[in-house]
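Fold and geometry: a report
Single-letter residue listing:
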Amino acid sequence: MDKLLIRGGRSLQGEVDIAGAKNAALPELCACLLTAEPVTLRNVPRLQDVATMLKLIRNMGVQAERGEDGLLRVNAGALHNPEAPYELVKTMRASVLALGPLLARFGHAKVSLPGGCAIGSRPVDQHIKGLTAMGAEIAIEQGYMVARLQPGRSKLRGARIATDMVTVTGTENFLMAACLAEGETVLENAAQEPEIPDLAEMLIAMGARIEGHGSSRIRIQGVEQLHGASHQVVADRIETGTFLCAVAAANGDVLLRNGRAEHLVAVIDKLRDAGAQVTAVAGGIRVQAAGRLRAQSFRTTEYPGFPTDMQAQFMALNCVSVGTAKVTETIFENRYMHVNELVRLGANIQIDGKLALVAGVPKLSGATVMATDLRASASLVIAGLVAQGETLVDRIYHLDRGYDQMEAKLRALGADIERIK
C-alpha cells in the first residue's frame, strides 16, 4: 500500500495546473449514457474514482477511450447491460448517478446501493422519491435499487420535485433523467454547486432544454433524444482550495492555473481574513503568504457557503495559525476523523459534537499518520508540509480517489515529498 513521506519546513513557490473536477467528471460520464452518439470530454482528471466509473460503464457495454491531455471519448451506442454491480461500485458513492440516465433511456435499471468514504450516511431516499414522482417504480432488493417504469408508461414524465434537503447527486440524477422525460420537470431546492451548471451546460450541448441551472430552481423541458457533443470539465474547486490552504500554511507564492476564484468565495474570504493575499488573475488565482496567519472560525454549509469538502484542509491551516478558531461541521456526522491524526502531529483540537475548537500552535512535529477519507488525506499532507521532521501518511489510496498526482505537483512547487511504494 502506497504512502507519502514528507519532510516539512519548505515554502511553496511557482505554478501548478488545477485538474478537472472529480465531482463534475463523474456525473458527466453518467450523462454520456443518455445518448447512443459519441461524446467527447476534455480535461478529465486521472483519478481512482474516474477509473472506477469508466470500469463501471464499460461493464455495461460502453466504449470509452482515453486520449492525451485529459481527452476521453465515450460511446454508449452499444450499451446492453443497464446494471451497476456491487463489486464495481462499493468504493464509490457516485454510482447512484447511473440510475437516472439508465432509467430515462432504457426504462429499467439495476444499481447497487452506493459505497464510498466513511464520513457519514448518504441515504438514497431522496433519489427514490424524485424518480418515483417522475413515473418510476423502485424497490430495494438484496442491496440493489431495482427500477422500472410504472405499468403503462413508455418513458418518464415531467414532475415538480422538492427534496427534503439540498442534495447534489439527487439534483444531478433528476436533471439527467428529466432531459428525456415527457413534459416539464421543475427542481425545487436544487443544489447550486458549480459542478451542476457545468453538467447542465454539457446536457444543453447534447440537445437538452434547461433553464435556471446554478440557482435553487431548475426547469427542464424533456426532449425525444439527445445527441453527441464535446464538453470541457470545469476546474476542480476543491483541489484549488486545497492548494490555497497548503500555500497559506507552508507560506510562499504560487499561481494556480485554471483556478476559478468565483467558485471559492467563502474559502477565499476566510483566507484573506487570515492574512493571506489571494488574487484572481488572468487564467487562475495567485496566493501569497508569509509567517503564521490568524486562525479563522467557520461553519460548513451548502454552496455558496463554506464547503464541507474544505473543512479538513482549513482546519490543518488553523492548527498552525495564531489564535483559536471554532469549526462547525453541519453536513456529515463523521467528518472529524482526521482530528486524532492531526493531534498526533501536535495539534491542539477539542471536539464537542459538531463543534471543533482549534487552538493554533507554533509548530507541529512529524509522525506516522493514517488517512481515513479523501479530504482528511489532504489535511494530513498540508500538516506534513509544515511539521518539523518527517511525516509518513499511510493509506493514501483515499487521496488518489480525488487528487491527480498531488505529490508531483507539490514537489514541483518545492515541497520535499515522495511516494513510498
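Refer to the structure printed above.
Quantities reported herein were computed from a predicted structural model and do not represent experimental measurements.

1. A closer look at the sheet that holds strand β7 (residues 108–112)
Either a parallel or an antiparallel arrangement is found when strands of a sheet pair, and the pairing is made through backbone hydrogen bonds. With mixed pairing, 4 strands are arranged side by side in an open sheet as β6-β7-β9-β8. For this open sheet the edge positions go to β6 (83–84) and β8 (136–141), each flanked by a neighbour on one side alone. Alignment of β6 against β7, held across 2 bridges, turns out to be parallel. Bridged to E83 within β7 is K110. Sitting on the sheet, helix α4 (residues 99–106) touches β6, β7, β8 and β9 (144–149), and the angle it makes with β7 is about 165 degrees.

2. Concerning the sheet that holds strand β4 (residues 63–66)
An order of β4-β5-β3-β14 is seen for the 4 strands of this open sheet, with the pairing classed as mixed. A strand with exactly one partner marks an edge of an open sheet, and here the two such strands are β4 and β14 (229–232). Averaged over all adjacent pairs, the angle separating strand axes in this sheet is 15 degrees, with direction ignored. Taken together, the 4 bridges between strand β3 (residues 39–42) and β14 define a ladder with parallel strand orientation.

3. A closer look at the packing of helix α5 (residues 125–133) against helix α6 (residues 168–178)
Where α5 contacts α6, the axes come no closer than 9 Å and their chain directions differ by 25 degrees. Between α5 and α6, the interaxial angle falls into the category roughly parallel. Note that α5 runs across α6; the crossing there is right-handed. The residues of α6 that touch α5, namely those facing Q126, H127, G130 and L131, are T169, G170, N173, F174 and A177.

Conventions and cut-offs
- Residues numbered from 1 in each chain as written.
- Predicted model: local features only at pLDDT ≥ 70, side-chain atom pairs only at ≥ 80, totals over all residues.
- Heavy atoms only, no water.
- Pairing = 2+ DSSP bridges.
- Helix = DSSP H or I, 4+ residues; strand = E, 2+ residues; numbered from the N terminus.
- Contact = heavy atoms within 4.5 Å.
- Axes fitted to C-alpha atoms, helices over the stretch in contact; angles between N-to-C directions.
- Parallel < 35°, antiparallel > 145°, perpendicular 65-115°, else oblique.
- Left-handed = near helix turned anticlockwise from the far one by under 90°.

Any functional reading would require information that these geometric values do not contain.
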